Amino acid sequence: MKIDIVSVFPEYFEVLNLSLLGKAQERGLLSIDAHDLRDWTHDVHHSVDDTPIGGGAGMVMKPEVWSECLDSLLGERSPVNVEQPDVEHSDVEKPDGEHPDVEHPDAEQHSAEQSDAGYAASDPAPGTTIVFPNPSAPLFTQDDAQELSHQNRLIFGCGRYEGYDARIPAYYCSKGYDFREYSIGDYVLNGGEVAVSAMVEAITRLLPGFMGNPDSIVEESYTGKQALLEYRQYTRPAQWRGRDVPDILRSGDHAKVDRFRRDEALVRTANIRPDLIEQLRVEDLDKADRKLLTSLGWDLTNSYPEAH
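Keep in mind it's a predicted model, so treat the numbers as computed, not measured. Just so you know, the residues in each chain are numbered from 1, in the order the chain's sequence is written. With the structure being a predicted model, the display of local features is reserved for residues of pLDDT at least 70 and the display and counting of side-chain atom pairs for 80 or more, all residues being used for whole-chain, interface and lining totals. Side-chain numbers here rest on the full set of heavy atoms in the structure, without hydrogens or water.

Undergrad: What's the story with the pairing of strand 1 (residues 2–7) in this structure? I'm lost.
TA: Across a regular strand the side chains alternate sides, sitting on one face of the sheet and then on the other. Of all the six residues making up strand 1, five are buried; the element is thus mostly covered by neighbouring parts of the structure. Being paired, for any two strands, means DSSP has found at least two bridges between them. Going along the chain from the N terminus, every DSSP run of H or I of four or more residues is numbered as a helix, and every run of E of two or more is numbered as a strand. Taken together, the six bridges between strand 1 and strand 2 (residues 31–36) define a ladder with parallel strand orientation. Each bridged residue has a counterpart across the sheet, and for V6 the counterpart in strand 2 is H35. For the handedness criterion, the strands are oriented away from the viewer, and a crossover whose path from the first strand over the helix to the second runs clockwise is classed as right-handed. After leaving strand 1, the chain enters helix 1 (residues 19–26) and then returns to the sheet as strand 2, a path that is right-handed. Pairing of strand 1 with strand 6 (residues 153–157), which is carried by five bridges, proceeds in the parallel orientation. Within the sheet, the bridge partner assigned to I5 lies in strand 6 and is F156. Buried means the residue's accessible area, taken with a 1.4 Å probe over protein chains only, is under 20% of the maximum for its type, while exposed means over 50%, and partly exposed covers the values in between.

As structure tokens, this is what we get:
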């Protein structure tokens, strides 16, 4: 897998050369290149942002800088941009009083939810996905990480300031590229670098050969058809500061250990992430699962569990 990351702080990603990610690159399992967005600027100040049209605080990252960068990475020739009149100052109006270059607020929205639909036949860069973190986008999940781990190339763009011009994803989606926007949680960061680091690690650890023991990712939280939070883990010593490891984990009875861990995963998920319990198919639950969830107050009479 080849990964390109574009940021105004490319040195931030030197951390990706450490630990398992660094070893995977040394073995040739993947390559990661960080690029400075300012390399695609042409003014003396290397500006990548401008004031928001319509007013408001902060600055917005410019589409022409990002497009030149992405076109370069994708091997595209950047089209000549024809400057349009400034919509804020243009005196030319349509008969209904609307500015000719301003989209109506109800115009079609381009987002990550649309970007991955229907482009397989016309994708100009098959096997390549462009990803921009965005706190207003759909949540990045383990399923997304699993899907993206099968791509040949990922191009990540790190926004800053008030974000990037909304026409950037709209343009590349319209050209058939697999362009996605993801949020990593219900909070806002100073830039996309932290989010990209998190997504890169979540994706690359799923590559065949990345983990020393591939079984270590099989029963993790959010993984598999029955995605639950993982059970708690313990190590030696068996007694520590008055707290003991559960006896059953030291019993040597693998069937009982598996059942104990399954029960704990169900209980933890029901308490912390009940939305994940609601996504389980009742028909996929075994007798012990159903007995436990019923005791926890879940109604299992329908296709999916429902909380009382």
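Undergrad: Please explain the environment of A166 as it appears in this structure.
TA: For A166, the location among the structural elements is in the loop between strand 6 and helix 5 (167–174). The exposed category is assigned to A166, whose relative accessible area is 58%. It is 9.6 Å that separates the C-alpha atoms of A166 and M61, two residues lying 105 residues apart in sequence.

Undergrad: Please explain the nonpolar core as it appears in this structure.
TA: Note on terminology: a nonpolar core comprises buried Ala, Val, Leu, Ile, Met, Phe, Trp, Tyr and Cys residues joined through side-chain atoms within 4.5 Å. With 27 residues, the main nonpolar core has I3, I5, F156 and V200 as its most contacted residues. Here this core takes five residues from helix 6 (residues 193–204), the largest share from any one element. Here a residue-residue contact requires only that any non-hydrogen atoms of the pair lie within 4.5 Å. Dropping the residues within four chain positions of it, I3 is found in contact with L30, S31, I32, D33, L154, F156, V200 and T204. Counting 22 residues, the second largest nonpolar core, distinct from the first, contains W40, W66, I130 and F179.

Undergrad: What is the right way to read unusual backbone geometry from this model?
TA: Glycine aside, a negative phi is what most residues show, and trans is what most peptide bonds show. Residue P237 is bonded to the preceding R236 through a cis peptide linkage, with omega at 5 degrees. Residue position: P237 is located in the loop between helix 6 and strand 8 (239–240). If you check the backbone angles, H46 has positive phi at about 55 degrees while not being a glycine. Phi at Y161 takes a positive value of approximately 60 degrees, unusual for a residue other than glycine. On the accessibility criterion, Y161 (38% relative accessible area) is partly exposed.

Undergrad: How do you make sense of the packing of helix 7 (residues 254–272) against helix 9 (residues 287–295) when you look at a structure like this?
TA: How two helices pack is summed up by the angle between their axes together with the distance between the axes. Between helix 7 and helix 9, the least distance of the axes is 10 Å, while the angle of their chain directions is 40 degrees. Relative to helix 9, the element helix 7 is oriented oblique. Helix-helix and strand crossings are classified by hand; for helix 7 and helix 9 the assignment is right-handed. Residue-level contacts link R259, R262, D263, L266 and V267 of helix 7 to A288, D289, L292 and L293 of helix 9. For the contact of helix 7 with helix 9, a count of residues per class yields five nonpolar, no polar and four charged. For helices, the fitted line uses only the C-alpha atoms of the stretch in contact; every axis is such a line through C-alpha atoms, and the angle between N-to-C directions lies from 0 to 180 degrees. Oblique is the label for every angle not falling under 35 degrees (roughly parallel), over 145 degrees (roughly antiparallel), or within 65 to 115 degrees (roughly perpendicular). It is the rotation of the near helix from the far one that decides the hand of a crossing: anticlockwise by less than a right angle makes it left-handed, clockwise makes it right-handed. Polarity classes work like this: nonpolar for Ala, Val, Leu, Ile, Met, Phe, Trp, Tyr, Cys and Pro, charged for Asp, Glu, Lys and Arg, and polar for all others, with Gly in that last group.

Undergrad: Could you clarify how one ought to interpret the side chain of E181 in this entry?
TA: Take E181: it is sitting in strand 7 (residues 178–182). When charges are counted, Lys and Arg contribute as positive and Asp and Glu as negative, whereas His and the chain ends are disregarded. Salt bridge, as applied in this entry: a Lys or Arg side-chain nitrogen positioned within 4 Å of an Asp or Glu carboxyl oxygen. One buried charged residue, E181, remains without a salt bridge, the closest side chain of opposite sign being R180 at 11 Å. For this analysis, a polar contact is any N or O atom pair within 3.5 Å, provided that within protein one partner can donate a hydrogen and the other can accept it, and provided that sequence-adjacent residues contribute only side-chain to side-chain pairs. Side-chain polar atoms of E181 contact the side chain of N134, separated by 3.3 Å. A polar atom in the side chain of E181 sits 2.6 Å from the side chain of Y164.

Undergrad: Sorry, what's going on with helix 7 here?
TA: Since one α-helical turn is 3.6 residues long, residues separated by three or four positions face the same way. The span one expects for a helix is its residue count, reduced by one, times 1.5 Å. Here helix 7 is 19 residues long and its end C-alpha atoms lie 27 Å apart, about the 27 Å a rise of 1.5 Å per residue gives. Among the residues of helix 7, V257, E264, A265, L266, T269 and A270 are the ones counted as buried. In this fold, the buried residues of helix 7 make contact with helix 8 (274–277), helix 9 and strand 10 (298–299). For helix 7, the side-chain oxygen to backbone nitrogen distance between the N-cap and A255 is 3.3 Å, and the N-cap itself is D253.

Undergrad: What should I look at first to understand the confidence of the model for the chain in this one?
TA: Detailed reading of predicted coordinates is not advised where the pLDDT is low. A score between 0 and 100, pLDDT records how confident the predictor is in each residue. Looking at the chain as a whole, its pLDDT mean stands at 88, while 84% of the residues score no less than 70. In the model, residues 85–121 has pLDDT below 50 throughout and makes 39 contacts with residues more than four positions away in sequence or in other chains.

Undergrad: Even after reading the chapter, I still don't get the packing of helix 2 (residues 63–74) against helix 5, so can you show me in this structure?
TA: The geometry of helix 2 relative to helix 5 is characterised by a closest axis approach of 10 Å and an angle of 35 degrees between their N-to-C directions. Crossing handedness for the pair helix 2 and helix 5: right-handed. Of the residues in helix 5, those in contact with P63, W66, S67, L70, D71 and L74 of helix 2 are R167, I168 and Y172. Split into classes, the residues belonging to the contact of helix 2 with helix 5 amount to six nonpolar, one polar and two charged.

Undergrad: When you look at the sheet that holds strand 5 (residues 128–133) in this model, what are you seeing that I'm missing?
TA: The strand order across the open sheet formed by five strands is 2-1-6-5-7, and the pairing between neighbours is parallel. The open sheet is flanked by strand 2 and strand 7, the only strands paired with a single partner. Here the average twist between neighbouring strands, direction ignored, is 20 degrees. Summarising the sheet, strand 5 and strand 7 pair through five bridges and their orientation is parallel.

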